[in-house]
Amino acid sequence: MRQTGRHFLQIPGPSAVPDRILRAIDMPVIDHRGPGFADLGFRVLNGMQGIFKTTAPVIIYPASGTGAWEAALVNVLSAGDRVLMFETGHFASLWSKLAAKYQLKPELIDTDWRRGADPNLLEDALRADNTHEIKAVCVVHNETSTGCTARIAELRQAIDAANHPALFMVDTISGLAAADFQFDNWGVDIAVSGSQKGLMLPPGLSFNAVSEKAMAAGRHSDLPKSYWDWTEMRDANERGYFPYTPATNLLYGLAEAIDMINEEGLENLFVRHQRHAAATRAAVEAWGLDIQCQVESEYSPVLTAVRTPDGHSADALRGTVLEHYNMSLGNGLAKVADQVFRIGHLGDFNDLMLMGTLSGIEMGLHLAGIPHHTGGAQKAMDFLKATPANSQN
Ligand SMILES: *Cc1c(COP(=O)(O)O)cnc(C)c1O
C-alpha cells in the first residue's frame, strides 16, 4: 500500500539528507583532473578542517567509515604491533576485529556496553606497559550501538599522565558535527569519520584527520597500503586534487553540508543536539523504560538507545512502528540484539521532527503491547517549551 507523507528515518545514521544537499549533489559530473576541480577540492578539504577543529590535513576517501578505520591503522602501524582498544560496543568490537585481520595485536579493555572508555583504566594499562610496546590507543567517541560517548579530552590526559608515546586514534564516525569534537585541543593523532551521520550526506565518504606525529609515524609503518596511502593523497590534495577518481557528486554535497553547518554555527549545532537528546530522555524516563547508557555525563547527543522490558522484543516494536507510522528506528546490535531500540536525533533535525518521532514510538509501544506509562511525548514537549531553542529549530 502507498505510504503517504515522508518516511521518518530515525536510525542513528544514515541520517535524513536535507533537500538542500540533495539538490547540491544533483549536478553534472565534472573532470576531476580539469582546471575547475581544485576550487571544489580546496573547499571541502579546508572546510573539513573547520569541522574537525584542526589545522592538520584531512584526508577524504570515497568509502564508508570502515575504509577510514582501515586507513587509520595501515598508515601508521606495523605487523605485530600492540593496540589498546576499549570494547565499549559493537563498533569498537568491529574495529578490533579489523585490526586483528592486519596481524596487529588488539588488546581489549572490556565494558558492560553501558558506558564510554574509562580514563583511569587507560592510564593503568599504559603505566603497566613501561617498555612502550603499545603503539596506539583506539577509542570510539560516540558508540552508536549503545548511545554512550567517551570523554576524549580526559582520555588524552590519561595518556599524558602515563607519559606514554602511543598514538591516540578516535572513531568519531557518528560523533562529528553532532557531538563536540576538538582534534587539536584534545591532542588526537588520527580521527576517523564518515559522511552519513552528523554531516547529513548519503553514505560514501569517509575521513582521516592526521596529526604531524601520525604523519611521521607513517614513515616507519610496514603494513601494506595503496588505496589508503596518505602520502599519495597529500601530494594531490596540496594542489586541490585527488590521486584517483573522487566521489565528485558527494563532494558537491559535502561542500553544501559544510556551508549549512557554518551557517548554523558548530556550537549552536552541538547545543541543538544536546537539547533534543535531553527531551528524548525525558520521554523515555516518563515511559518508565531504561536508557542503555548508565553514565549521565556520557549520554550521547546523537542517539538514545532504549532497553525494552525483559521478555519484550525491541525488534517487534520497531516492526510495528515501521508498519503503522512509516518510521525506521535503529536495531539492537550484537549482544543487545532485540533488547534495545535506538532513536536517532542527529543531523538536519528540529523540534517537530523530534515530536513526530517520540509520538510514533509512544503509539508503537501501545500497539506492540510493551508495558509503559503514557505521557512521554508530553514530557518531551514540556521540556522543549521550557528550554526554547536560540534559533529557528
Ligand atoms: C556507522 C559507524 C561505523 C561504520 O561506518 P560504515 O560507514 O558503516 O562503514 C563505525 N563506527 C561508528 C561509531 C559508527 O557509528
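Residues numbered from 1 in each chain as written. Predicted model: local features only at pLDDT ≥ 70, side-chain atom pairs only at ≥ 80, totals over all residues. Heavy atoms only, no water.

A.B. asks: Teacher, can you tell me more about the sheet that holds strand β13 (residues 327–331) here?
C.D. replies: Think of a sheet as strands paired side by side through backbone hydrogen bonds, with each pair either parallel or antiparallel. Read across the sheet, 5 strands follow the order β1-β13-β14-β12-β11 without closing on themselves; strand pairing throughout is mixed. Since the sheet does not close on itself, it has two edges, and those belong to β1 (8–10) and β11 (290–291), each with one partner. Lying on the sheet, helix α10 (residues 266–287) is in contact with β11, β12 (303–307) and β14 (340–344); it crosses β12 at an angle near 15°. (Pairing = 2+ DSSP bridges. Helix = DSSP H or I, 4+ residues; strand = E, 2+ residues; numbered from the N terminus. Contact = heavy atoms within 4.5 Å. Axes fitted to C-alpha atoms, helices over the stretch in contact; angles between N-to-C directions.)

A.B. asks: I keep staring at the site of the ligand and nothing clicks. Help me out?
C.D. replies: Residues in contact with the ligand amount to 13 residues; listed here are only the nearest, S64, T66, T144, D171 and K197. One of the side-chain N or O atoms of S64 is found 2.5 Å from an oxygen atom in the ligand. One nitrogen or oxygen atom from the side chain of T66 is found 2.5 Å from an oxygen atom belonging to the ligand. Expressed as a share of its isolated accessible area of 380 Å², the protein-covered part of the ligand is 87%. (Near = heavy atom within 4 Å. Polar contact = N/O pair within 3.5 Å; in protein donor to acceptor, adjacent residues only side chain to side chain. Areas by Shrake-Rupley, 256 points an atom, 1.4 Å probe, with all protein chains shown as cover.)

A.B. asks: I keep staring at the packing of aromatic side chains and nothing clicks. Help me out?
C.D. replies: Enumeration according to the criterion identifies 9 aromatic pairs in this entry. Between Y61 and W228, the ring centres sit 4.9 Å apart and the planes meet at 80°, which makes this aromatic pair edge-to-face. Here W228 lies in the loop between α7 (212–218) and α8 (230–237) and Y61 lies in strand β2 (residues 58–61), a separation of 167 residues in the sequence. Each member of the pair, Y61 as well as W228, carries the same accessibility label: buried. Seen in terms of ring centroids, W69 and W95 are 6.0 Å apart; in terms of plane orientation they differ by 10°. Their pairing is stacked. Note that W69 is positioned in helix α3 (residues 65–76) and W95 in helix α4 (residues 90–101), a separation of 26 residues in sequence. The class of W69 is buried, set by a relative accessible area of 4%. Judged by relative accessible area, which is 1%, W95 ranks as buried. The structure contains a cluster of three or more aromatic residues connected by ring pairs, namely F52, F181, W186 and F207. Over the aromatic face of F91 sits the side chain of K197, whose NZ or CZ is 5.4 Å from the ring centroid. (Phe/Tyr/Trp six-rings, centres within 6.5 Å; stacked < 30°, edge-to-face > 60°. Buried < 20%, exposed > 50% of the residue type's maximum accessible area, 1.4 Å probe, protein only. Lys NZ or Arg CZ within 6 Å of the ring centre and 35° of its normal.)

A.B. asks: Help me understand the nonpolar core in this model?
C.D. replies: Soluble globular proteins: nonpolar side chains tend toward being buried together. Counting residues in each nonpolar core, the largest one holds 90 residues, and the members touching the most others are M48, F52, M169 and L254. For this core, the leading source of residues is helix α9 (residues 248–264), giving 9 residues. Of the residues that make up this core, three or more belong to each of domain 1 (8–15 + 265–392) and domain 2 (19–262). Look past the residues within four positions of F52 in its chain and what remains in contact with it is V58, T172, L176, F181, Q182, F183, A191, S193, F207 and A209. Within the second largest apolar cluster, 26 residues are counted, among which are A283, W287, I291 and M355. (Core = buried A, V, L, I, M, F, W, Y, C linked by side-chain atoms within 4.5 Å. Domains from an automatic or database assignment.)

A.B. asks: So what exactly am I meant to see when it comes to the pairing of strand β4 (residues 105–110) here?
C.D. replies: On any regular strand, side chains alternate: one points to one face of the sheet, the next to the other face. By the bridge criterion, 6 bridges tie strand β3 (residues 82–87) to β4 in an arrangement that is parallel. Opposite E87, over in β4, you have D110 as the bridge partner. Viewed along the sheet, the connection from β3 through α4 into β4 turns out right-handed. (Right-handed = clockwise from strand over helix to strand, strands pointing away.)

A.B. asks: Looking at this model, I keep getting lost on the packing of helix α12 (residues 351–367) against helix α13 (residues 376–386). Mind explaining?
C.D. replies: A pair of packed helices is characterised by two quantities: the angle between their axes and the separation of those axes. Contact geometry of α12 with α13 gives a least axis separation of 9 Å together with a crossing angle of 160°. One element, α12, and the other, α13, form an angle in the roughly antiparallel class. Crossing hand, α12 versus α13: right-handed. For the pair α12 and α13, contact is made by D351, L354, M355, L358, S359 and E362 and by G376, A377, A380, M381 and L384, respectively. Split into classes, the residues belonging to the contact of α12 with α13 amount to 7 nonpolar, 2 polar and 2 charged. (Parallel < 35°, antiparallel > 145°, perpendicular 65-115°, else oblique. Left-handed = near helix turned anticlockwise from the far one by under 90°. Nonpolar A, V, L, I, M, F, W, Y, C, P; charged D, E, K, R; others polar.)

A.B. asks: Could you clarify how one ought to interpret the environment of I190 in this entry?
C.D. replies: Take I190: it is sitting in strand β9 (residues 190–194). For the pair I190 and T374, spaced 184 residues apart in the sequence, the C-alpha separation amounts to 45 Å.

A.B. asks: Explain helix α6 (residues 152–161) here, please?
C.D. replies: Since one α-helical turn is 3.6 residues long, residues separated by three or four positions face the same way. Burial in α6 covers these residues: I152, L155, R156, A158 and I159. All buried residues of α6 lie within an arc of 155° about the axis, which places them on one face of the element. In this fold, the buried residues of α6 make contact with α5 (119–128), β5 (134–140) and β8 (167–171). At the C-terminal side of α6, N163 shows a positive phi close to 55°. (Arc of directions from axis to C-beta.)

A.B. asks: Is there a simple way to explain the pairing of β14 in this structure?
C.D. replies: Burial within β14 is extensive, with 5 of its 5 residues counted as buried. Across 5 bridges, β12 lies against β14 in antiparallel orientation. Residue T304 lies in a different strand from β14, and its bridge partner there is I343. Both β13 and β14 contribute to a ladder of 2 bridges, which runs antiparallel. Each bridged residue has a counterpart across the sheet, and for G330 the counterpart in β14 is R342.

A.B. asks: So what exactly am I meant to see when it comes to unusual backbone geometry here?
C.D. replies: Working note: non-glycine residues mostly have negative phi, and peptide bonds are mostly trans. A cis geometry characterises the amide bond from G13 onward to P14, with omega recorded as -5°. You can see P14 is positioned in the loop between β1 and α1 (19–25). Unlike most non-glycine residues, K53 shows phi in positive territory, near 55°. In this fold, K53 is placed in the loop between α2 (37–52) and β2. K53 sits in the partly exposed class, given a relative accessible area of 24%. Despite not being glycine, N326 shows a phi value in the positive range, around 55°. Within the element layout of this structure, N326 appears in the loop between α11 (314–325) and β13. On the basis of relative accessible area, N326 is assigned to the buried category, the value being 10%.

What is shown is where atoms sit, not what they do.
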